[in-house]
Amino acid sequence: MSTSSSFFTVALVGNPNSGKSTLFNNLTGGTQHVGNYPGVTVEKKEGVCVHEGVTLQVVDLPGIYSLTAYSIEELVARDFLLEERPQVVVNVIDASNLERNLYLTVQLLELGLPLVLAFNMSDQARVRGIEFDLTKLSRFLGVPIIPTVGHRRVGMRELLDAVMAVARVPPRPLLPQVDYGREIEQAIAILMTRLESHPELADTRRRRWVALKLLENDAEVSRRFASEDLAALVQAQREHLRKVLGDEPEVLLGDRRYGFISGACQEAVRRSVETRHTWSDRIDEVATHPVIGIPIFLVLMYMTFWLTFSVGRYPMGWLEHAFATLGRWIGQLWPVGSQSLIRSLLVDGILAGVGGVLTFLPNILLLFLAIALLEDSGYMARAAFIADRFMHRLGLHGKSFIPMLIGFGCTVPAILAARVLDTRRDRLTTILVLPLISCGARLPIYALLVPAFFPPALHAPMMWMFYLLGILLAAAGARLLRATVLRGETVPLVMDLPPYRMPTLRGLWLHMWERGGAYLRKAGTVILAFSIALWALNTFPRVTPPPELTPSQQAAYRLEHSSAGRLGRALEPVLRPLGFDWRIGTAILGAMAAKEIFVSQMGILFAVDEKEAELHPLRERLRATYTPLTAFCVMLFLLIGSPCAATVVVAARESGAWKWAALQWGGLTALAYLLTAAVYQAGHWIGLG
Amino acid sequence: METSQRWPSLSELASGTVAQVKAIHAGHGLQGRLTAMGLHRGVHVRMIQNVGRGPLIVEVAGNRMVLGRGMAEKVYVHPLSARTTRPSSSEPESTKDGPGSGRS
C-alpha cells in the first residue's frame, strides 16, 4: 500500500449548519467539483488539497444528524463511509452546540472509523460561555480534537496535520465505546454471535455496529444482513428489551448514547455563564414574531424579486444586444440572400435558441444570489417557519417554501431543492406542483406578449396575475394530490433554527454558481439539442417556393411546408378550441422542449427576414396577426401546461420513477388545455376576439 | 407507557416555560430524528414561542428548533417553571421573563 502514503481520501461529516461547507471551501479552494452520488441525486462535493506534498482528496458528505436511514442524505453518507472507507474522517462539530453534535460522533466511533474532530466555531462557543478541556475530551473519546474557526480560516494547518497523523498511523483497534447496560449488551452479544459467519463482518467493531442497527430496526441494515431466522431473532430480542426495560429499543439506545455524551461533557466542558440572549436571539424576537415577522418576510421576498428582475434587466439588455450583434456578424459571412444551411443552423437554430436562454442567465444568477443570501445568513429557516402557517394548510411543509421560491427562477434546481423535505410524500407533492410556479423561462413569453397586446397600465398587473395564478393553481394542485394519490398524514415539521451568520462573499459566490451552473448546463445540453432538432423541423423538408413570391413570402412558404409547419397544421384542429393557429402550435411544440423556446420559435416563424430578428418588430407582426384574447390564452396555456423537457427528466430522476413525470406532464397539459379552452370560448362568446 | 399520558404535551407549554422531556411518542423514523437533533428523554427544553396555533419554537441545549404543532403534541414534558397554562396568545416578548434568560 505505498500509494496510500501520497494520496488518500478524507471525508468531511457533520450536522447541517456545523460550518462544514466553509471548512471544505477553505481546504479545497477553487478545486471543487460538484457531482451526484450514483443512483440518487444527493450532491457529491469533492475537492483536492495538497498538504506537505501529499495530495488529499476531500469529500464533503451531506449534512446529517445521525447515521440512521431516515433520509437519503444519511443513507448516502453512511454508504460512503462504509463502502469507500476513507482513510480519515473529519467530523466537523459546532462547538457551541456540543451535545447534539457529539451524538453523530458517537455513531462514527461505533463504526470504528479513523476520526479527527474539528471543533468548529470555537470562538462562538467561548462567547456563549462554554469552555472545553480539549485534552481531557480527546482522551475520553480517543480521537484528536482540533479547534477551528471556519470563516476566519483558523486551525486549518493544525487540522491537516492531525489528518496526516491519523492517516499515517492506522487507528488503534479499540476506541472507547458506549456501554449500553447489561440487558442491551446481552442482546448485542447474541446478535453478534449469529453474525459471526457473515463474510462481510469479520471485523468485530463492524459486527457490533450491525447488531446495534438491527436492534434499532434499521430498514437498510435489516434488508442487507438479516436472513429470515435472524430477523425473527432480532424481533424476539427487541420484544425482550421492550418488556424488561419498558421502552422501545431505539429510545433506549438513544438514552445510553446521550448518557455517554453527558459523561464526557461533565469531565471536560464547563459552562461559566448561563445561556443568555445572543444578538441572534434578539433578531429572532422580531424576525419570527407572529405579527411583525410576516411583513419582514414579505419585504425580504419582495427584495428577492426586485433584485432578480429590476436589477437583472440591465445585464439582460447587454446580453441581448451582444447576441443580436453576434447574429448579424455571423450572417454577414455569407452573401446577401444566401440559403446556406450552415448559416441558417448557426443563426436561426443555435444562436436563437441558446442565445435566448443565455440572455436570461443574469436573472437566474441574481435570484440564486438572493437565495444564497437568505440561506447563508440563516434567514431561510425563519422564512420556512413563517411560511409553514399557510403552507401547512395546503398539506405542504414550511420547508416546501424553499423549492417553491427557487421555482420562480427555474423549475430544475427547484426540483433538486425539494430534497430539503424529509419524506417522500412531501417531496413528491412539491415536485409535482412545482412547474405551476411561474419559472424564469416563462418571463420572456410574458415579456414578449404582454407589451405587444396590452396597454402599459396593464403590464405590471398582468404579469402579477400570471404569477399569482400559478401559485393558486399550485396550492390547489397540492391539496388535490394530498387528497388523492398522495393521501396520508402530514409529517410534522422539525427543523433547526441555526444562529444568524454573516454570509461570506466567497460562500455566496460558490452557492450562486452551484445552482446557476445547473441552469447553464441545461442551456448547453438539453436546450441546444432541442434547438437543433427544432431548427431541423423548421428547415426540412426543403421546398422550392414559387418564384413570383416576394422574399418574405417565400420564407413563409418554406416554413409552412417544413415538418414543423406540417405538424402545426396537423395539430390545428386540436388547438382551434384554444384559439391557436398552426404557428402557435408549432411554437408550443418548441415550448415542450423548453418554455423560452416559444419566443425564439415565434421569432423564427415570423421574423423570417433576418434583419427583423429583434423583439420590437416581432411584437408588431404578432399584433397584426392575433387578438389580445389569443395572446392571453397562449400565456395561460404555457403557464400551466407541458413542463419543459429538462423538468420532465429531473422530475423523473428525483421522484425515482418515470410514471410520476408522466403523471405530471399529462395532468398539467390536460389541465392547461381545458382551462385555456374554457377561457377562450368564454372570451370569444362575450366578443373579445 | 400509559404513565406518560399524565404529563402535559409540549404544545401546552406557554412561552418562556422550562420543562424536562419525559417521553416522545413519534413513529420510528421521526423518533430517531428528534433524538439525533437533541430532543430526547431527560433533556431540558425552553419554550421560546407558542402562540396557540401553527409551529412553535423551542430551545434545546442552547439550540433553537422549530416543531410543528402536531409533533409537539407527541412530546410529553414535566414543566419545571410554574406556568403550564393552556397556550394563550402570549407574545414572544414573554420569553424575557423566562428563567435563566437575564438580559445582557
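Quick caveat, the model's predicted, so the values are computed rather than measured.

Turning to unusual backbone geometry, a few remarks are in order. Note the cis peptide between Phe540 of chain A and Pro541 of chain A, where omega equals -10 degrees. Note on placement: Pro541 of chain A falls in the loop between helix H23 (505-539) and helix H24 (551-560). One non-glycine residue, Asn217 of chain A, lies in positive phi territory at about 70 degrees. Tracing the sequence through the fold places Asn217 of chain A in the loop between helix H8 (204-215) and helix H9 (219-225). The phi dihedral of Ala61 of chain B falls on the positive side, at around 50 degrees, and the residue is not glycine. Looking at where Ala61 of chain B falls in the secondary structure, it is placed in the loop between strand S3 (56-60) and strand S4 (63-67). In this structure Ala61 of chain B comes out as partly exposed when scored by relative accessible area, which is 44%.

Attention now goes to the sheet that holds strand S10 (residues 494-497) of chain A. The strand order S10(A)-S4(B)-S3(B)-S2(B)-S1(B)-S5(B) describes an open sheet built from six strands, whose pairing is antiparallel. Unpaired on one side and paired on the other, S10 of chain A together with strand S5 (75-79) of chain B mark the two borders of the sheet. The mean inter-strand angle of the sheet, taken between neighbouring strand axes irrespective of direction, is 40 degrees. Pairing of strand S2 (residues 44-49) of chain B with S3 of chain B involves four bridges; the strand directions are antiparallel. Directly across from Met47 of chain B, in S3 of chain B, lies its bridge partner Val58 of chain B. Lying on the sheet, helix H17 (residues 379-393) of chain A is in contact with S10 of chain A together with S2, S3 and S4 of chain B; it crosses S10 of chain A at an angle near 140 degrees.

Our next topic: the packing of aromatic side chains. A ring pair, where both rings are aromatic, is described by two values, the distance of the centres and the angle of the planes. Residues and elements named next belong to chain A. Taken as a whole, this structure holds twelve aromatic pairs over all chains when the rule is applied. Each ring, one from Tyr103 and one from Tyr258, has its centre 4.8 Å from the other, and the planes form 15 degrees; the classification is stacked. One end of the pair, Tyr103, is in helix H3 (residues 98-110); the other, Tyr258, is in helix H11 (residues 249-268), and 155 residues separate them in sequence. Looking at Tyr103, the relative accessible area reads 5%, which means it is buried. The buried category is assigned to Tyr258, whose relative accessible area is 7%. Within the aromatic cluster, the residues linked to one another by ring pairs are Phe408, Tyr446, Phe466, Tyr467 and Phe632.

Residues and elements named next belong to chain A. Judged by nonpolar contacts, the single largest core of 109 residues is most densely connected at Leu405, Leu449, Phe580, Phe598, Met602 and Leu622. With eleven residues, helix H29 (residues 628-640) is the largest single contributor of residues to this core. Setting aside its immediate chain neighbours within four residues, Leu405 contacts Met301, Phe305, Leu367, Ile371, Leu374 and Met380.

A separate point is the environment of Val634 of chain A. All names here are of chain A. Positionally, Val634 belongs in helix H29. On the basis of relative accessible area, Val634 is assigned to the buried category, the value being 3%. Placed 291 residues apart in sequence, Val634 and Arg343 show a C-alpha to C-alpha distance of 31 Å. Setting aside anything within four residues of it in sequence, one finds Val634 in contact with Leu449, Phe580, Ile584 and Phe598.

Moving on, we come to the pattern of salt bridges. A side chain with one charge may pair with a side chain of the opposite charge, provided their charged atoms come close. Residue and element names in this part refer to chain A. Throughout the structure, instances matching the rule amount to 27 salt bridges over all chains. A salt bridge links Glu216 to Arg257; the shortest N-O distance between them is 2.8 Å. Placement of Glu216 in the loop between H8 and H9 and of Arg257 in helix H11 is noted, with a sequence separation of 41 residues between them. For the pair shown, Glu216 and Arg257 are each scored as buried. Of the charged contacts, one joins Arg382 and Asp284 as a salt bridge, the two residues approaching to 2.8 Å between their closest N and O atoms. Note that Arg382 is positioned in helix H17 and Asp284 in helix H12 (residues 279-287), a separation of 98 residues in sequence. For the pair Arg382 and Asp284, a shared accessibility class is recorded, and that class is buried. Here the salt bridges share partners, and the residues they tie into one network are Arg238, Glu239, Arg242, Glu248 and Glu250.

Residue and element names in this part refer to chain A. With respect to the helices, strands and loops of the structure, Thr669 is situated in helix H31 (residues 658-685). Residue classification places Thr669 among the buried positions, given a relative accessible area of 14%. Excluding residues that lie within four positions of it along the chain, Thr669 makes contacts with Phe637, Gly641, Ser642 and Pro643.

On to helix H27 (residues 597-606) of chain A, then. Here H27 of chain A lies mainly inside the structure; ten of its ten residues are buried. Taken as a whole, H27 of chain A has its buried residues at Ile597, Phe598, Val599, Ser600, Gln601, Met602, Gly603, Ile604, Leu605 and Phe606 of chain A.

With that settled, consider the packing of helix H13 (residues 293-311) of chain A against H17 of chain A. All names here are of chain A. With their axes 10 Å apart at the nearest point, H13 and H17 run at an angle of 115 degrees to one another. Between H13 and H17 lies a crossing whose hand is left-handed. Taken together, the residues of H17 that come into contact with H13 (itself represented by Gly293, Ile294, Ile296, Phe297, Leu300 and Met301) are Tyr379, Ala383, Ile386, Ala387 and Phe390. Grouping the amino acids of the contact of H13 with H17 by side-chain chemistry returns ten nonpolar, one polar and no charged.

To continue, consider helix H2 (residues 72-84) of chain A. All names here are of chain A. Relative to the 18 Å expected for 13 residues at 1.5 Å per residue, H2 spans 17 Å between its end C-alpha atoms, a close match to the ideal helical length. Among the residues of H2, Glu73, Glu74, Val76, Ala77, Arg78, Phe80, Leu81 and Leu82 are the ones counted as buried. One or two positions beyond H2, positive phi appears at Arg85, with a value near 45 degrees.

Rules used throughout
- Residues numbered from 1 in each chain as written.
- Chains lettered and ligands numbered in written order.
- Predicted model: local features only at pLDDT ≥ 70, side-chain atom pairs only at ≥ 80, totals over all residues.
- Heavy atoms only, no water.
- Helix = DSSP H or I, 4+ residues; strand = E, 2+ residues; numbered from the N terminus.
- Buried < 20%, exposed > 50% of the residue type's maximum accessible area, 1.4 Å probe, protein only.
- Pairing = 2+ DSSP bridges.
- Axes fitted to C-alpha atoms, helices over the stretch in contact; angles between N-to-C directions.
- Contact = heavy atoms within 4.5 Å.
- Phe/Tyr/Trp six-rings, centres within 6.5 Å; stacked < 30°, edge-to-face > 60°.
- Core = buried A, V, L, I, M, F, W, Y, C linked by side-chain atoms within 4.5 Å.
- Salt bridge = Lys/Arg side-chain N within 4 Å of Asp/Glu carboxyl O.
- Left-handed = near helix turned anticlockwise from the far one by under 90°.
- Nonpolar A, V, L, I, M, F, W, Y, C, P; charged D, E, K, R; others polar.
- Expected span 1.5 Å × (residues − 1).

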